[in-house]
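# Chain and residue survey
For reference, the chains in residue letters:
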Amino acid sequence: MLFNSKGKQEVTYDAIVVGSGISGGWAAKELCEKGLKTLVLERGRMVRHGDYPTANLEPWQLPNRDRVSAEEMKKYEKQRRTGYTIRQSSKHWFVNDLENPYLETKRFDWMRGYHVGGRSIMWGRHSYRWSDIDFEANAKDGFGVDWPIRYRDIASWYDYVEGFAGIQGMNEGLPQLPDGNFLPPMPLNCVEESARERIKEKLGRTLTIGRTANLSQAIHGRGACQYRNRCIRGCPYGAYFSSNASTLPAAEKTGNLTIRPFSIVNSLIYDPATRKATGVRVIDAETNETHEFYSNIVFLCASALGSTFILLNTKTDEYPDGLGSSSGELGHNLMDHHFRVGARGEIDEFDDKYYKGRRPTGFYIPRFRNIDRNSQMKEFVRGYGYQGAASREGWSRSVAEMAIGEELKEAITRPGSWSMGMTAFGECLPYHENKVELSDETQDKWGQPVLKFDCEFKENEMKMREDMKVAAVEMLEAAGFKNVETYDSIGAPGLGIHEMGPARMGRSPKTSVLNQWNQVWDAKNVFVTDGACMTSSACQNPSLTYMALTARAADYAVKELKKMNI
Amino acid sequence: MTNQSQISRREALRKTSLLVGSGLAASTVAAIMSGCQAPLDPDWTPSFFSVEHSETLAHIAETILPKTDTPGALDAKVHRYIDELAANVYSKNRQDELMSGLAEFEAQCKSKFSKAFAKLGAEQRKEFLQQLHEESKAMEESTGGALSFFEDMRQLTIAGFCTSEIGATQVLKYDPIPGSYEPCIPYEDVGGVWAY
């Protein structure tokens, strides 16, 4: 082992936060604002707000009109599986698969980026509260273990994080999708508005604007959305929530923040005498040197799988399978939403209407199955929601009837007809056998073991998908759409980029990795507040819940520190 | 290719070897070799295609989306876009498909008009592409949607044109920083299709 050349004091902080994405950024902000000298360790490069090299480039200014060369694509053999992320304009936010391999007993699409800000730069921004229908689900139907918290435990934290992050949306008064502390909603267009009315009237379901972390008005020194819909490239206006534009500048302002990029946390340093972590072991990604950093508390916010890797790789005499493994659940119960199923249709009304601007969200249809006695389904438990949008087709539509020449040129300068599509996002149950483990069969660029995935969707998800198609058709037809077509292309787990569960919260150290405050049962000064902690997956996009759980855990951690309990 | 044209090409080559020494650009030389027409894009050298092939592609694109009272495919340099994709993005299979498609295209053109496509007049070019469009539609119906060379060219031309600066900003409606979202406005207020 290498020792730091500097004195131990120089590498000792009050708190260490591993990761700088959505959860890590929030942990940094909260801990710094509460007065803790905080070290944020990020395995990738530095990205300061504004370091978005492609944000203002037009299609003709990008090499190959935004397409990545066949040669370069070899670095992205797994990251390219989404079909939309590996472009000239966004490829720099995704990892090089050759340097960062993983193994797949069954296919798993692990989409990620290693840089300051993590996936908060290229996330989808949909932000929904979970309700007690979600927090009580495991207890009621017996899949997984009971969540150790209920909506009342997190509601005020949702208020808090929404106020800072800036979530635009509309309150609908639905028990399955609690109202929030929203900025003014971005509007539905005329076709969506008409669908909202008809679907409500005929089916009693709600179509609302997709609640997203996009600023419909300027707040906290960040600019309002300019409706360019280039979020994935990074926003020069700071008009959507990212760590870079929001939480990290707030943390920096306190004077308590240190960020160390290129710092791969290999494992925690565990002290069996105190049963606490004393710090972390870091590999410098550029020099390959090993360093140690010390702190009173550690927040693991390295992503569901990144944090799980660190716990699994912290092998001690007491816990040879990794810190937090005493329950036998560490690495298990891996979940992701299943999606890419739904329908689309055309409508021949509103041909005299169009829109201006590129709205960075669509609509959302909250869950309507298994939410009360009247909506019980025999075929499956839990539920799903839809994301979608209506738009007029552009020049990329096939203008088949106009072969060539002046007629074709004329045709491509006019918009096509209106169409509307919707894609369902469904809950995945927590199955113990869906797991990830460490493997030495191959190693990463730094000689570390890699994660090996064995995860699949099962019968409940498959039966749910049948209903997802049927209900989408039902709604489009109720709303007056024609030529309605369904699609179903499940892909593999991971593609939803909502990995959850491999270090779940619970009520007992025998069946869970974390307690109700996100503390590792086996080391109480270690908190895990990213997707790893999730006890079930619900069907809503999960990032807002990571934000709320992180702020709540940071508040608890500082109180416990002051009480000398950890 | 007939013996006659081989001889004349050899003759041309002999003559141009003198010109090379005087410092003419390779594209100019090629243009001279291909029939003494002025090069379509003299300041540029293709990466993947020969100059001759690239000129054929430029003529195909211009026939598909011609200059009218607004700029056309040649103004938007659509042939450069096709060359860029072929050189950098396409797989070997896709490249081969494009090359054999182009060869067959020229062979068909010569059997119909006894001339290379680039040497046809604008009306003949249009007539030939219209014919290919009809054949392409029939083929799609019988093969269940396989992409013909013509349809490939048509789609590449549309995409290349609409994502070019000239196409996006002068022919389509271009609004890089809208600043607001107007969800439902009369179509006449826009009067065209958004570039993106």
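So, here's what we can say about the structure. (Residues numbered from 1 in each chain as written. Chains lettered and ligands numbered in written order. Predicted model: local features only at pLDDT ≥ 70, side-chain atom pairs only at ≥ 80, totals over all residues. Heavy atoms only, no water.)

### Observations regarding the state of the cysteines
Under the definition given, this model contains 1 disulfide over all chains. Here Cys190 of chain A connects covalently by a disulfide to Cys184 of chain B, the sulfurs 2.3 Å from one another. Handedness of the Cys190 of chain A-Cys184 of chain B disulfide follows from its S-S torsion of about 105°: it is right-handed. Of the two residues, Cys190 of chain A is situated in helix 6 (residues 190–203) and Cys184 of chain B in strand 1 (residues 182–186); the pairing between them involves two chains. Cysteine Cys225 of chain A is unpaired, with the sulfur of Cys231 of chain A as its nearest cysteine sulfur at 6.4 Å. Looking at Cys225 of chain A, the relative accessible area reads 8%, which means it is buried. (Disulfide = S-S within 2.5 Å. Helix = DSSP H or I, 4+ residues; strand = E, 2+ residues; numbered from the N terminus. Buried < 20%, exposed > 50% of the residue type's maximum accessible area, 1.4 Å probe, protein only.)

### Some details on the sheet that holds strand 3 (residues 103–104) of chain A
What links the strands of a sheet is backbone hydrogen bonding, and the strands pair in either a parallel or an antiparallel sense. Residues and elements named next belong to chain A. Reading across from one edge, 3-15-14 is the order of the 3 strands in this open sheet, with mixed pairing throughout. Where the open sheet ends on each side, the last strands, each with one partner, are strand 3 and strand 14 (435–443). One ladder, built from 6 bridges, connects strand 14 with strand 15 (residues 449–454); its direction is antiparallel. Opposite Ser439, over in strand 15, you have Val450 as the bridge partner. The strands touched by helix 8 (residues 304–312) within the sheet are strand 14 and strand 15, with strand 14 carrying the most contacts at an inclination of about 70°. (Pairing = 2+ DSSP bridges. Contact = heavy atoms within 4.5 Å. Axes fitted to C-alpha atoms, helices over the stretch in contact; angles between N-to-C directions.)

### Some points on helix 9 (residues 405–412) of chain A
Residues of helix 9 of chain A that are buried include every one of Gly405, Leu408, Lys409, Ala411 and Ile412 of chain A, and no others. Viewed end-on, helix 9 of chain A has its buried residues packed into an arc of 160°, placing them on one side of the element. Against helix 3 (51–64), helix 6 (122–143) and helix 7 (149–162) of chain B lie the buried residues of helix 9 of chain A. (Arc of directions from axis to C-beta.)

### Quick word on the interface of chain A and chain B
Listed per partner, the contact involves 47 residues of chain A and 53 residues of chain B. Here chain A packs against chain B, burying approximately 4,500 Å² in sum over the two surfaces, 61% of which is carbon and sulfur. For chain A, the biggest contributors to the area lost against chain B are Lys356, Trp395 and Lys409 of chain A; these three give 18% of the whole. Where chain A packs against chain B, one counts 1 salt bridge. The partner of Asp175 of chain B in a salt bridge is Lys356 of chain A, and the shortest N-O contact between them spans 3.4 Å. (Buried area = accessible area lost by both parts, 1.4 Å probe. Salt bridge = Lys/Arg side-chain N within 4 Å of Asp/Glu carboxyl O.)

### Digging into the side chain of Thr316 of chain A
Residue and element names in this part refer to chain A. Locating Thr316 in the fold gives a position in the loop between helix 8 and strand 9 (341–347). Residue class for Thr316 comes out buried when judged on its relative accessible area of 15%. Within polar-contact distance, the side chain of Thr316 engages the backbone nitrogen of Tyr319 at 2.8 Å. (Polar contact = N/O pair within 3.5 Å; in protein donor to acceptor, adjacent residues only side chain to side chain.)

### Notes on the environment of Ser543 of chain A
Residues and elements named next belong to chain A. Secondary-structure assignment places Ser543 in helix 11 (residues 543–562). Under the relative-accessibility criterion, Ser543 is labelled buried at 14%. Here the alpha-carbon distance between Ser543 and Ser120, two residues 423 residues apart in the chain, equals 9.2 Å. The contact partners of Ser543, leaving out residues within four places of it in the chain, are Ile22 and Trp123.

### With respect to empty space enclosed by the protein
Within the structure shown, the criterion is met by 3 cavities of 30 Å³ or more. Quantified by volume, the largest cavity comes out at close to 130 Å³. Along the walls of the largest cavity sit 15 residues, with Cys225, Asn229, Arg230, Cys231 and Cys235 of chain A positioned nearest its centre. Among the residues making up the lining of the largest cavity, the classes are represented as 9 nonpolar, 4 polar and 2 charged. For the second largest cavity, the calculated volume is near 70 Å³. Asp41, Trp44, Val51, Ser54 and Glu55 of chain B are the residues nearest the centre of the second largest cavity, which is lined by 11 residues in total. Considering every element that reaches the lining of the second largest cavity, the biggest residue donor is helix 3 of chain B, with 4 residues. (1 Å grid on protein atoms, 1.4 Å probe; cavity = no way out; pocket = protein on both sides within 12 Å on 5 of 7 lines; lining within 4 Å. Points joined across faces, edges and corners; volume = space filled by probe spheres on them. Nonpolar A, V, L, I, M, F, W, Y, C, P; charged D, E, K, R; others polar.)

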